[in-house]
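Reading the structure
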Amino acid sequence: MSQETSQTTASPQRLTGQCLCGKVGLISTSGTLHAEACHCGMCRKWSGGPYLAVAAGTEVSFNGEEHITRFSSSEWGERGFCKHCGSHLFYFLKPTGQYIVPAGLLDQESQLVMDQQIFIDKKPAFYAFSNDTENLTEAEVFAKFSS
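The shown structure was predicted, so the numbers you read here are calculated from the model rather than taken from an experiment.

Moving on, we get to the pairing of strand β5 (residues 60-63). Only one face of β5 is buried: it carries V60 and F62, and the other face, with S61 and N63, is open. Note that strand β2 (residues 25-31) and β5 share four bridges and pair antiparallel. The partner of L26 across the bridge, within β5, is F62.

Written out as structure tokens, the structure reads:
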């Protein structure tokens, strides 16, 4: 990765996006341009494949919040989607208040750099990404984020 790209993706970024029908929009002032793939079973069941996502941080606001349905998928996570078009809007980490949003939802999609895959040991054999990424197993993810 070039130094310019590294600097661009490291500082907090303003992220914007909206769902498929346009009833829900999001604005983050604490996001990154780092994309990751999550291969855990819940994300694959929710999205139909790996969850390609971006950390939007904690400073996230939504336009059309009344159109959001939230599903508590675990004791530490909540998933949000548009109740009209079904677009996935976020994965919310309850302990930290951090939002992780689908990469395809963002207006900045063309600027993203995929640099990490998590739950790599849960990835099915039928697909693989060619990107050079940091790969974390389930145990490594929990160890990294439990502190």
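Counted according to the given criterion, the structure contains four salt bridges. In this structure, E78 engages R70 in a salt bridge whose closest nitrogen and oxygen atoms are separated by 2.7 Å. Residue class for E78 comes out buried when judged on its relative accessible area of 17%. For the salt bridge of E138 with K122, the shortest nitrogen-to-oxygen distance reads 3.4 Å. Placement of E138 in helix α3 (residues 138-145) and of K122 in the loop between β10 (113-118) and β11 (134-136) is noted, with a sequence separation of 16 residues between them. Through salt bridges with shared partners, a single ionic network connects E65, R70 and E78.

As for its placement among the helices and strands, F92 is situated in strand β8 (residues 88-93). Overall, F92 belongs to the buried group, its relative accessible area being 16%. Residues F92 and A56, spaced 36 residues apart in sequence, show a C-alpha to C-alpha distance of 9.9 Å. In contact with F92, not counting residues within four places along its chain, are W76, G77, E78, G97, Q98 and Y99.

What links the strands of a sheet is backbone hydrogen bonding, and the strands pair in either a parallel or an antiparallel sense. Across the sheet, three strands lie side by side as β1-β2-β5; this open sheet has antiparallel pairing. Strands at the two margins of the open sheet, each flanked by one partner only, are β1 (13-18) and β5. Going across the sheet, the axis of each strand differs from the next one's by a mean of 15°, ignoring polarity.

Here is a general trend for soluble globular proteins: nonpolar side chains tend to be buried in one another's company. The biggest cluster of nonpolar side chains holds 23 residues, and the ones touching the most others in it are V24, V54, F62, L89, F90, Y99 and V101. Among the elements that take part in this core, β8 stands out by supplying three residues, more than any other. Each residue touching V101, except ones within four places of it in the same chain, is listed here: L26, Y51, L52, A53, V54, A56, L89, F90 and L106.

Take the sheet that holds strand β6 (residues 68-72) next. Strands sit in the order β6-β7-β8-β9-β4-β3-β10-β11 across an open sheet of eight strands; the sheet is mixed. The open sheet is flanked by β6 and β11, the only strands paired with a single partner. Averaged over all pairs of adjacent strands, the angle between their axes in this sheet comes to 30°, without regard to strand direction. In terms of strand pairing, strand β3 (residues 34-38) meets β10 through five bridges, oriented parallel. If you follow A35 over to β10, its bridge partner there is M114. Taken strand by strand, α3 contacts β10 and β11, and its axis lies near 95° from that of β11.

Here is what the cut-offs are and how they apply
- Residues numbered from 1 in each chain as written.
- Predicted model: local features only at pLDDT ≥ 70, side-chain atom pairs only at ≥ 80, totals over all residues.
- Heavy atoms only, no water.
- Buried < 20%, exposed > 50% of the residue type's maximum accessible area, 1.4 Å probe, protein only.
- Helix = DSSP H or I, 4+ residues; strand = E, 2+ residues; numbered from the N terminus.
- Pairing = 2+ DSSP bridges.
- Salt bridge = Lys/Arg side-chain N within 4 Å of Asp/Glu carboxyl O.
- Contact = heavy atoms within 4.5 Å.
- Axes fitted to C-alpha atoms, helices over the stretch in contact; angles between N-to-C directions.
- Core = buried A, V, L, I, M, F, W, Y, C linked by side-chain atoms within 4.5 Å.

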